[in-house]
Amino acid sequence: MPLGIFQMFIRMELITLISQDWKQVLSEEVESEYFVRLTEFVTKEYTSQICFPPKSLIFKAFDACSFENTKVVILGQDPYHGDGQAHGLSFSVPNGIKFPPSLRNIFKELSSDLGIQVPYQGNLTNWAEQGVLLLNATITVRKSTPGSHQKQGWEEFTDSVIRLLSDQKEGLAFVLWGKFAEQKSNLINTTKHCVISSAHPSPFSVHKGFFGSKPFSKTNEYLRKQGKGEIDWTLDS
């Protein structure tokens, strides 16, 4: 099979996993040369290695939170790289999976901020379905190898997602935790959106400004001022 046809096939295979309204918004991105190279890399990795999240959930963040309904963006860096943890939403884990340290600290801050009881499950799908885009800058990863899929094109793709949201929507809250996420603020038009930033919830930095930062109440306060429905941060316990 000629290389050009092969590249087209694997690109289309991955594109089918993107929800329809996002596919329209991202039409130029998925036609770009870098996205062709990215999809070829991702396909080879999933064929030859154990990678996360499962292939069918690579674009779950977009499936669970449509472009039209997006009100909040919470940006992560890489998916979890342990067995059973990643399922396509930043910081989230499927039901029945032990909380990773960062997620445990997020729940501690949620409880301190809003008085919400720490849930039994770490599945954040309920947030996504209310309009919280739980986006990782790098969407896939090889098992037990953090950062293994960085600098292959995912960052260019997700930067475009942030930029398109900033350009085409009004009154979004961008929640940026840690230096990596805060660097993305240059993609956001802060005259029409709100950036809520703090230290990262990881154990290495959680006491350097994450605890006590009140990101959940600040987000809802901003949404309320924009005339938008607040997020119910409560999760099934």
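Right above here is the structure, for reference.
Every residue gets a number counted from 1 within its own chain, in the order that chain's sequence is written. Since the coordinates come from a predicted model, pLDDT governs what is reported: local features require at least 70, and pairs of side-chain atoms require 80 or more to be given and counted, while whole-chain, interface and lining totals use all residues. Working from all heavy atoms in the structure, the side-chain values ignore hydrogens and water.

Caption draft 1: Geometry of the overall build of the protein. Where helices and strands are cited, they refer to DSSP runs of H or I of at least four residues and of E of at least two residues respectively, numbered from the N terminus. Of regular secondary structure, the protein possesses ten helices and six strands. Throughout, radius of gyration means the C-alpha value; the globule benchmark is 2.2 Å times the number of residues raised to the power 0.38. A globule of 237 residues ought to have a C-alpha radius of gyration of about 18 Å, and the protein, at 17 Å, matches this closely. Dimensions of the protein, computed from C-alpha atoms along their principal axes, come out at roughly 60 × 35 × 30 Å. Exposure classes here rest on a 1.4 Å probe applied to the protein chains alone. A residue is buried below 20% of its type maximum, exposed above 50%, and partly exposed in between. Expressed as a percentage of its 237 residues, the buried residues of the protein come to 55%. Throughout, a contact is declared for two residues whenever any of their heavy atoms are within 4.5 Å. Taking all contacts inside the protein whose residues are at least 6 apart in sequence as the whole, residues at least 24 apart take part in 68%. Where accessible areas are quoted, they stem from the Shrake-Rupley method and a 1.4 Å probe; at the residue level, only the protein chains shown are allowed to cover. Of the roughly 11000 Å² of accessible surface on the protein, a fraction of 50% belongs to carbon and sulfur atoms. A positive count includes Lys and Arg, and a negative count includes Asp and Glu. His and the chain ends are not counted in either. By convention, the point assigned to a charge is CZ for Arg, NZ for Lys, CD for Glu and CG for Asp. Side chains of the protein give 24 positive and 25 negative charges; the mean places of these two sets differ by 6 Å.

Caption draft 2: Structural context of the packing of helix α6 (residues 101-114) against helix α10 (residues 215-225). Angles run from 0 to 180 degrees between N-to-C directions of axes, and those axes are lines fitted to C-alpha atoms, restricted for helices to the stretch in contact. With their axes 7 Å apart at the nearest point, α6 and α10 run at an angle of 60 degrees to one another. One way to sum up the angle between α6 and α10 is to call them oblique. Residue-level contacts link Ile106, Glu109, Leu110, Asp113 and Leu114 of α6 to Pro215, Phe216 and Ser217 of α10. Geometric relationships in this document are graded by angle, where less than 35 degrees denotes roughly parallel, more than 145 denotes roughly antiparallel, 65 to 115 denotes roughly perpendicular, and other angles denote oblique.

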